Amino acid sequence: MRLLTHNMLSSNIKGVTNGFPLRIEVEKVVEKEVEINHDFLRNIFPKIDWKAFSDASRIMGYVELPEEAPEPSVLESDLEFLRKFHHALLELHLEEGALVCPETGRKFPVNKGIPNMLLHEDEV
């Protein structure tokens, strides 16, 4: 599961009002090389919750991103930042682990890179 996916997921358990961001529990992280697409990165940047993204990248062992969201203008001028953003967003994969609801503590397993967000009957 890429951090792009993580940044879009939240817990939808009945009664949960604060299901984002899901906390990551890491068992195995893999890096998969992906061709960089500058236009995609520039377009997705405003949609990313930076704090959740930055924290998740650190949990997965990648500490190269700034804690505070940079100004969007950096996307036009700083190729090194774009490379780091690309790497964290698209090349780091949570292969095995769990996503944890911040409110209930419910764990959603991640196996072979696929998060299982199915709810139990009493959670719907």
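Residues numbered from 1 in each chain as written. Predicted model: local features only at pLDDT ≥ 70, side-chain atom pairs only at ≥ 80, totals over all residues. Heavy atoms only, no water.

- An unreviewed UniProt entry lists the protein under the name Multifunctional methyltransferase subunit TRM112-like protein At1g22270, from Durio zibethinus.
- The UniProt entry for the protein carries the following comment under Sequence similarities (unreviewed entry): "Belongs to the TRM112 family." (UniProt positions renumbered as here; feature names shortened; annotations may be inferred.)

1. Here's the deal with the sheet that holds strand S2 (residues 92–100)
Step number 1: Read from one edge to the other, the open sheet built from four strands follows the order S1-S2-S3-S4, with strand pairing classed as antiparallel. Only two strands of the sheet have a single partner each, and these edge strands are strand S1 (23–31) and strand S4 (114–115).
Step number 2: Judged from the eight bridges that link them, S1 and S2 form a sheet pairing that is antiparallel. Paired with Lys28 across the strands is Glu96, a residue of S2.
Step number 3: Across the face of the sheet, helix H5 (residues 79–91) comes into contact with S1 and S2 while running at roughly 60° to S2. (Pairing = 2+ DSSP bridges. Helix = DSSP H or I, 4+ residues; strand = E, 2+ residues; numbered from the N terminus. Contact = heavy atoms within 4.5 Å. Axes fitted to C-alpha atoms, helices over the stretch in contact; angles between N-to-C directions.)

2. Focus on the packing of helix H3 (residues 50–59) against H5
Step number 1: Between H3 and H5, whose axes approach to 10 Å, the crossing angle comes to 75°. As summarised for this structure, H3 and H5 are arranged roughly perpendicular, according to the angle between their axes. Along its contact with H3, which presents Trp50, Phe53 and Ser57, the element H5 presents Phe81, Phe85, Ala88 and Leu89.
Step number 2: Taken together, the residues of the contact of H3 with H5 sort by class into six nonpolar, one polar and no charged. (Parallel < 35°, antiparallel > 145°, perpendicular 65-115°, else oblique. Nonpolar A, V, L, I, M, F, W, Y, C, P; charged D, E, K, R; others polar.)

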